[in-house]
Amino acid sequence: MLLDQQWFSEIDQPTGTAFSLRIKEKLHEEHSEFQKITVYETTDFGRMMALDDVIMVTDRDNFIYHEMLVHPALFIHPNPREIAIIGGGDCGSLHEVLKHHSVTQVTQIEIDERVTRVSEQYFPALCESNTDPRANFLFTDGIRWMQEAAAHSLDVILIDSTDPVGMAEGLFNTAFYRECRRVLRPDGILAQQTESPLLHTAILQKAHHSLRTAGFAQVRTLHFPQCVYQSGWWSATLASAESLASMRYQDCVEKKFTTHYYHADLHAASFVLPQFIQTALNT
Ligand code: SAM
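Since this is a predicted model, take the numbers as computed values, not measurements. (Residues numbered from 1 in each chain as written. Predicted model: local features only at pLDDT ≥ 70, side-chain atom pairs only at ≥ 80, totals over all residues. Heavy atoms only, no water.)

Some points on the domain arrangement of the protein chain
Put simply, an interface is often sized by how much accessible area is lost when its parts join up.
Reasoning step 1: Split by domain assignment, the protein chain resolves into domain 1 (2-58) and domain 2 (62-281).
Reasoning step 2: For domain 1 versus domain 2, the distance between C-alpha centres works out to 24 Å.
Reasoning step 3: Roughly 2000 Å² is buried in total at the junction of domain 1 and domain 2, and carbon and sulfur atoms are behind 67% of that figure.
Reasoning step 4: Inspection of the region where domain 1 meets domain 2 yields 1 salt bridge.
Reasoning step 5: At the boundary of domain 1 and domain 2, one finds 10 residue pairs in polar contact (both at pLDDT 80 or more).
Reasoning step 6: Elements with a contribution of two residues or more to the side of domain 1 that touches domain 2: strand 2 (7-12), strand 3 (17-31), strand 4 (36-42), strand 5 (47-51) and strand 6 (54-58).
Reasoning step 7: If one sorts the elements of the side of domain 1 that touches domain 2 by residue count, strand 3 sits on top with 6 residues. (Domains from an automatic or database assignment. Buried area = accessible area lost by both parts, 1.4 Å probe. Salt bridge = Lys/Arg side-chain N within 4 Å of Asp/Glu carboxyl O. Polar contact = N/O pair within 3.5 Å; in protein donor to acceptor, adjacent residues only side chain to side chain. Helix = DSSP H or I, 4+ residues; strand = E, 2+ residues; numbered from the N terminus.)

So this is what it looks like as structure tokens:
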């Protein structure tokens, strides 16, 4: 990470890439039990939070990621009521989930409470649903929580974690997916952020293989632009024992809440993958 007088650069050695944002000032820095948490005021992207110098969220473009991780799964599910979010400490995904009136309970299992407290301080718009009575916050390891969760107790599991390294690595393997399969109801849906289609194709391939091995008959990846993430192109992978092909189109068209990226026709389009990804995933 380089921070000269004006720029923050996220340098990713494994992919030989870097991304920079021009900075006005550093607003916060701390070392939690789990990671370094920093918040900057940028010149053009509003505030930005980084964890271990990896950009997590900015005011300007977080809506794309949060809408695309949450709404496709919730509009495919026939009646999403009980939801779990693994990770999601900035609370942006939680905010999107709670826009759905069918949701009766959402439990966010974030390993690092400090991420949520810092987000409440610097990203109030992402946290404005945190006082919703349907929202529950648990600050613990999502891997262990899933091992202990009751069978057939959830309609949707959203995995909004950091990259598949360190404490998040165990959220991307067959053993964890098997627990998710056990905890989901028969028509339940898992949706996980699955990195860059260009830079992390192998991660996508492994996710598809591990999800199928864990018993998810249907596995589909959608993609979307995400300017501040490596390559500017991101993905989410959905999995279910049942079909992922249909969605509640009319409910989506008539939804009573606003989205700024996701919409009913973009839903289907986002699942149309470029040829090299189709080939890599044998789809
Ligand atoms: N949108 C971001 C991305 O795609 O990289 C993710 C944002 S969110 C801040 C990621 C969160 O996952 C972090 O707050 C981190 O603490 C949390 N996390 C990582 N591993 C975890 C685990 N095993 N259990 C629960 N939360 C975890």
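Examining helix 5 (residues 174-183)
One turn of an α-helix holds 3.6 residues; hence residues three or four places apart share an orientation.
Reasoning step 1: Turning to helix 5, its buried residues number three or more, namely T174, F176, Y177, C180, R181 and V183.
Reasoning step 2: Against strand 7 (82-87), helix 4 (142-148), strand 10 (154-160), strand 11 (184-193) and helix 6 (201-213) lie the buried residues of helix 5.
Reasoning step 3: Put simply, N173 is the residue that caps the front of helix 5, since its side-chain oxygen is 3.2 Å from the backbone nitrogen of A175. (Buried < 20%, exposed > 50% of the residue type's maximum accessible area, 1.4 Å probe, protein only. Contact = heavy atoms within 4.5 Å.)

Quick word on unusual backbone geometry
Reasoning step 1: One non-glycine residue, D53, lies in the positive phi region at around 65°.
Reasoning step 2: On the secondary structure map, D53 appears in the loop between strand 5 and strand 6.
Reasoning step 3: Despite not being glycine, E195 has its phi angle at roughly 70°, a positive value.
Reasoning step 4: Here E195 shows up in the loop between strand 11 and helix 6.

Remarks on the pattern of salt bridges
Reasoning step 1: All told, the structure shown has 14 salt bridges when counted by the stated rule.
Reasoning step 2: When the shortest N-O distance is used, the salt bridge between K99 and E96 registers 3.1 Å.
Reasoning step 3: Connected via shared salt-bridge partners are R81, E82, D155 and R185.

Considering helix 3 (residues 113-122)
Reasoning step 1: All of the buried residues along helix 3 are V115, T116, V118, S119 and Y122. Down the axis, helix 3 shows its buried residues gathered within 165° of arc, on one side only.
Reasoning step 2: Structurally, helix 3 contributes buried residues whose contacts are with strand 3, strand 4, strand 5 and strand 8 (105-109).
Reasoning step 3: By the N-cap criterion, in which a side-chain oxygen at the helix start approaches the backbone nitrogen of a residue two or three places on, helix 3 is capped by D112, the distance to R114 being 3.1 Å. (Arc of directions from axis to C-beta.)

Some words on the site of the ligand
Reasoning step 1: Around the ligand, the structure places 24 residues, and the nearest of them are E110, D141, G142, M167 and Y229.
Reasoning step 2: Take I111: an N or O atom from its main chain is 3.2 Å from a nitrogen atom of the ligand.
Reasoning step 3: Between a nitrogen atom of the ligand and a side-chain N or O atom of Y229, the distance comes to 2.7 Å.
Reasoning step 4: Alone, the ligand offers 590 Å² of accessible surface; in the complex the protein occludes 99% of this.
Reasoning step 5: Partitioning the shell around the ligand into residue classes produces 10 nonpolar, 9 polar and 5 charged. (Near = heavy atom within 4 Å. Areas by Shrake-Rupley, 256 points an atom, 1.4 Å probe, with all protein chains shown as cover. Nonpolar A, V, L, I, M, F, W, Y, C, P; charged D, E, K, R; others polar.)

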